[in-house]
Amino acid sequence: MSVTESLKDAATYAALRTKLAWLTRQVHVHGETVTTLASTIDDTAEQMQDASETMKALAVDSATTAEFADAAVVMTTAKEAAGEYTAAADSAAAAADDAKTTVESDHGGIADAVDTSSVEMAEAAFYTQP
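Colleague: An account of the overall build of the protein chain is needed here, citing residue identities and associated values.
Modeller: Scanning the protein chain for helices and strands turns up three helices and zero strands. Its helices and strands taken in sequence order, the protein chain reads α-α-α from the N to the C terminus. For the protein chain, the spread of C-alpha atoms along the principal axes amounts to about 85 × 20 × 20 Å. Looking at the protein chain alone, contacts between residues at least 24 apart form 62% of all its contacts between residues at least 6 apart. Total accessible area on the protein chain is roughly 9200 Å²; 59% of this is exposed by carbon and sulfur atoms. Between the mean site of the 7 positive side-chain charges and the mean site of the 22 negative ones, the protein chain shows a separation of 4 Å.

Colleague: Kindly report on a negative patch on the surface, identifying the contributing residues and their values.
Modeller: Residues Asp43, Glu46, Asp50 and Glu53 make up a contiguous surface patch of negative charge. Along the chain, the position of Asp50 falls in helix 2 (residues 13-57). When its relative accessible area of 46% is taken as the criterion, Asp50 is described as partly exposed.

Colleague: Would you mind going over a nonpolar patch on the surface in detail, with residue names and values included?
Modeller: A surface patch of nonpolar side chains, about 520 Å² in accessible area, is lined by Ile110, Val114, Met121, Phe126 and Tyr127. Relative to the assigned elements, Tyr127 resides in the segment after helix 3 (62-116).

Colleague: Let's hear about helix 2: which residues, and what values?
Modeller: Between its terminal C-alpha atoms helix 2 stretches 66 Å, which fits the 66 Å expected from 45 residues at 1.5 Å a residue. Here helix 2 has its buried residues at Tyr13, Leu20, Leu23, Thr24, Gly31, Val34, Ala38, Ile41, Ala45, Ser52 and Met55. One or two positions beyond helix 2, positive phi appears at Ala59, with a value near 60°.

Colleague: For the environment of Val103, give the residues involved together with the corresponding values.
Modeller: Tracing the sequence through the fold places Val103 in helix 3. Along the primary structure Val103 and Ala92 are separated by eleven residues, whereas in three dimensions their C-alpha atoms are 16 Å apart. Excluding its chain neighbours within four sequence positions, the residues that come into contact with Val103 are Tyr13, Leu16, Arg17, Leu20 and Gly108.

Colleague: Lay out helix 3 in plain terms, naming residues and giving numbers.
Modeller: Counted at 1.5 Å a residue, the expected span for helix 3 with its 55 residues is 81 Å, and the 76 Å between its end C-alpha atoms agrees. A bend of about 50° at His107 is the largest found in helix 3. All of the buried residues along helix 3 are Thr65, Ala72, Ala82, Thr86, Ala89, Ala93, Ala96, Val103, Gly108 and Ala111. In the core, the buried residues of helix 3 are packed alongside helix 2.

Colleague: I'd like a description of the environment of Ala99, backed by residues and values.
Modeller: Relative to the elements of secondary structure, Ala99 occurs in helix 3. Along the chain, Ala99 and Ala57 lie 42 residues apart, while their C-alpha atoms are 55 Å from each other.

Rules and cut-offs
- Residues numbered from 1 in each chain as written.
- Predicted model: local features only at pLDDT ≥ 70, side-chain atom pairs only at ≥ 80, totals over all residues.
- Heavy atoms only, no water.
- Helix = DSSP H or I, 4+ residues; strand = E, 2+ residues; numbered from the N terminus.
- Contact = heavy atoms within 4.5 Å.
- Areas by Shrake-Rupley, 256 points an atom, 1.4 Å probe, with all protein chains shown as cover.
- Lys, Arg positive; Asp, Glu negative; His and termini not counted.
- Charge placed at Lys NZ, Arg CZ, Asp CG, Glu CD.
- Patch = residues over 30% accessible without salt bridge, like charges linked within 9 Å, V, L, I, M, F, W, Y side chains within 5 Å.
- Salt bridge = Lys/Arg side-chain N within 4 Å of Asp/Glu carboxyl O.
- Buried < 20%, exposed > 50% of the residue type's maximum accessible area, 1.4 Å probe, protein only.
- Expected span 1.5 Å × (residues − 1).
- Bend = angle between axes of the 7 residues up to and from the residue.

Next comes the structure, spelled out in structure tokens:
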């Protein structure tokens, strides 16, 4: 389900706040997952490089040693890409937080007034500005 499809279900302010809170949490969770993955990839790349150097010191054939070194290079490249993805995820998380804060600050008082009012709201057309 896309974000747009998800927000179409938010027909009320309360539903919109709930959806935004959920979406914001999802963005943060995915960002944390990517950060953890980047760290794991970096650790594994270092271990691959260490294994390559150890094999080289033990006079293991150059083809095998080179395979481990190549794998370390590929993993380091993947780690760099994960770092860029992490930065993008952090930006997305900040944007999601801003959207949630904006909705709450711009519309929260209205929702609170409606929720505590003893008067029923009129149809939306009544409130339309000319």
